[in-house]
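Below, each chain spelled out in residue letters.
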Amino acid sequence: MIYLNNAATSYPKPKEVQDAVLATFNGPLVHASRTGLEREDDDIIYLCRSRLADLFNIDDPLQIVFTSGSTEALNLAIKGLPLEGSNVVISAIEHNSVIRPVKTLEKEGKISVSIVKCDKNGYIEPQQFAEAIRDDTRAVIVNHCSNVTGVVLDIKEIAKIAHAAGAYIIVDASQSAGAVPINCSDWEIDMLAFTGHKSLFGMQGIGGLYVRKGIDLKPLKVGGTGVLSEILLQPEGFPIHYEAGTLNTPGIVSLYAGVQFILQTGLDKIIEHKRKLYEILFNELGDNPDIEIYSPLKHTSYSNFCFNVKGMVPEEVGYVLEVSFDIWVRTGLHCAPLILPFLGVEPWGTVRASHSYFTTEEEIYKFTEAVKKITTIPKRK
Ligand SMILES: Cc1ncc(COP(=O)(O)O)c(C=O)c1O
């Protein structure tokens, strides 16, 4: 099997991640943080926050809250802020994990939502956010990297624009975390949502939200914390105020090992490998008149190759790739319906091939040869 669906979930995971998760079965999963000693150096929960803080340049690791993934992190950010009566700006490249929470609040009459348009690759100039912001805009929520085309936005500039208007900047880093440099301190990000199972090489069901110090956020859930049990309300302070219930320790262990792998390998090396594969994809398929490509040559994570074969719906291409060539891609709308009209791909969406650090050049050539063969299939009139 050639796996090119890493934007959905990464496979394979580094050996270090597999070993670390297996080792969690070797003893009871009780940890220091639940005895109030999270700063201990051998506490895997704190170590994981700490490595994430290194990767995202966050000053205080305890400002990172663990969640089940980006979806929960984004729900926490969006529902936790006092946004009632305000306007929220999002973009056309958002995933449903942003669109649905804000659209639900809009339907309940609590907020209004403005959507910033993108170009035919998904790119949005920072200035377009300035034009969309209104006097009552209190938050700009933006996807750092499109899960459809792989386009990457200039978060530092967008954050400056949001702050100049007195709005929070909330970043969906689901696709960019572990794939593109992220600098929460320098870019002055207010909240950053990430998920563990994509380019961070962790398991499904773990992710988190970084929250800048001083932001008043309501928790999504309250309950047991393992410490301060005598208090009848959720204990204050980060991260405990937001982490009710037993944490997903195996997930956190996997995330720690995944982030360690990235830091030890070097993000630059990972990006360079993917850039080389991206170059092959464009060299082999870029000029093919039977293929429409939606991924950009610049402002890119080099991780997604988003395309259609002219005269075929994406599902047909995905089916042939899987059944005839044993190549796994993703087809359809990719949970990002707002981008469709800008790419000109309504109603069927696109085919997305997403490689990883573990994808080989040979696999990419097999994929491009398969796509070339598919373009020769006689089309329906
Ligand atoms: C851009 C983007 N945002 C949010 C999510 C949601 O992540 P999760 O399902 O891990 O919560 C995804 C996952 O596909 C994504 O690609």
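Located above this text is the structure these notes cover.
Residues numbered from 1 in each chain as written. Predicted model: local features only at pLDDT ≥ 70, side-chain atom pairs only at ≥ 80, totals over all residues. Heavy atoms only, no water.

(A) Looking closely at the overall build of the protein. Scanning the protein for helices and strands turns up 12 helices and 13 strands. For a compact globule of 381 residues, the expected C-alpha radius of gyration is about 21 Å, and the protein comes in at 21 Å, within 12% of that figure. By its C-alpha atoms, the protein is 70 × 55 × 30 Å across when sized along the principal axes. For the protein, the share of sequence-separated contacts (at least 6 apart) that also reach a separation of at least 24 residues comes to 71%. Within the structure as shown, the protein displays about 16400 Å² of accessible surface, and the carbon and sulfur contribution to it stands at 53%. If you average the places of the 36 positive and of the 46 negative side-chain charges in the protein, the two averages end up 5 Å apart. (Helix = DSSP H or I, 4+ residues; strand = E, 2+ residues; numbered from the N terminus. Rg over C-alpha atoms; globule rule 2.2 N^0.38 Å. Contact = heavy atoms within 4.5 Å. Areas by Shrake-Rupley, 256 points an atom, 1.4 Å probe, with all protein chains shown as cover. Lys, Arg positive; Asp, Glu negative; His and termini not counted. Charge placed at Lys NZ, Arg CZ, Asp CG, Glu CD.)

(B) Up close: the site of the ligand. T71, D172, Q175, T195 and K198 are the nearest of the 13 residues found near the ligand. The separation between a nitrogen atom of the ligand and a polar side-chain atom of S174 is 3.1 Å. Between T195 and the ligand, the recorded distance is 2.6 Å, taken from a side-chain N or O atom to an oxygen atom. Contact with the protein chains covers 84% of the free accessible surface of the ligand, which is 390 Å². For the shell around the ligand, the residue count by class is no nonpolar, 11 polar and 2 charged. (Near = heavy atom within 4 Å. Polar contact = N/O pair within 3.5 Å; in protein donor to acceptor, adjacent residues only side chain to side chain. Nonpolar A, V, L, I, M, F, W, Y, C, P; charged D, E, K, R; others polar.)

(C) Spotlight on the environment of Y11. Looking at where Y11 falls in the secondary structure, it is placed in the loop between β1 (2-3) and α1 (15-23). Take Y11: its relative accessible area is 48%, and that puts it in the partly exposed class. Put simply, Y11 and R212 are 201 residues apart on the chain and 32 Å apart in space, counted from C-alpha to C-alpha. Not counting residues within four places of it along the chain, the set of residues in contact with Y11 comprises Y3 and N6. (Buried < 20%, exposed > 50% of the residue type's maximum accessible area, 1.4 Å probe, protein only.)

(D) Structural view of the pairing of strand β13 (residues 350-354). With respect to burial, β13 is a largely interior element, 5 of its 5 residues being buried. Side chains of β13 alternate between two faces, with T350, R352 and S354 and V351 and A353 buried alike. Relative to β13, strand β10 (residues 304-309) runs antiparallel, the two being bridged by 4 bridges. Bridge pairing in β13 links N304 to S354. Pairing between strand β12 (residues 330-332) and β13: 3 bridges, direction antiparallel. Following the sheet pairing, T331 is matched in β13 by V351. (Pairing = 2+ DSSP bridges.)

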